[in-house]
Amino acid sequence: MISPYVYPGLEDITFAIRQPSYLFKRLTTIVGVNLDISQGDILSSRRYRKLVLARQMISYMLRKEYEIYLTAIGRLFGKHHSTIIHYIKTHEQDFETNRKYRELYIHIKEQIL
């Protein structure tokens, strides 16, 4: 990430980029495009596999890449933080055991970071 100390005046920009709602919207857009699903579908209560995979990826990225609190991620999804913990654990299992899931996640992560 660009340091505001090196580039004065970037404090406001880096602060805005680190906001959970901004990150969440950005991630849901990119993951949604790659999986061909809408942001509304990701936020819905439906449990289709494709939607659950999207939620898992987004939850994992927000927690591990951006260090957003579990409760904040839960609020963004309208879910309890324990559900977010489950998404993250399931993501880690799928990443280890499912080659297609791992390749998709890496592809999406490269687009984001």
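In case you missed it, the structure is sitting above this.
So, a few notes on the structure that sits alongside this text. In every chain, residue numbers begin from 1 and rise along the written sequence. Only residues with pLDDT of at least 70 are given local features in this predicted model, and only at 80 or more are side-chain atom pairs given and counted; all residues enter the totals for whole chains, interfaces and linings. Excluding hydrogens and water, the side-chain figures rest on all heavy atoms present in the structure.

Observations concerning the environment of I30
As for its placement among the helices and strands, I30 is situated in helix α2 (residues 20-35). Since its relative accessible area comes to 16%, I30 is described here as buried. Separated by 81 residues in the primary sequence, I30 and Q111 have C-alpha atoms spaced 7.8 Å apart. Here a residue-residue contact requires only that any non-hydrogen atoms of the pair lie within 4.5 Å. Those residues in contact with I30 that lie beyond four places of it in its chain are I108, Q111 and I112. Each helix is a run of H or I in the DSSP string that is no shorter than four residues. Each strand is a run of E no shorter than two, and both are numbered from the N terminus. Only protein chains enter the accessibility calculation, which uses a 1.4 Å probe; a residue whose area is less than 20% of its type maximum is buried, one above 50% is exposed, and one in between is partly exposed.

Structural notes on the environment of F24
Mapped onto the fold, F24 is located in helix α2. Residues F24 and S59 lie 35 residues apart in sequence; the distance between their C-alpha atoms is 9.0 Å.

As for the side chain of D94
Following the sequence through the fold, D94 ends up in helix α6 (residues 81-97). Identification of polar contacts relies on pairs of N or O atoms within 3.5 Å, with a donor-acceptor requirement for protein atoms, meaning one able to donate a hydrogen and the other able to accept it, and with residues adjacent in sequence counted only if both atoms are side-chain atoms. In this structure the side chain of D94 is engaged in a polar contact, spanning 3.1 Å, whose partner is the side chain of R49. The contacts of D94, once residues within four sequence positions are left out, are R49, L53, Q56 and Y101.

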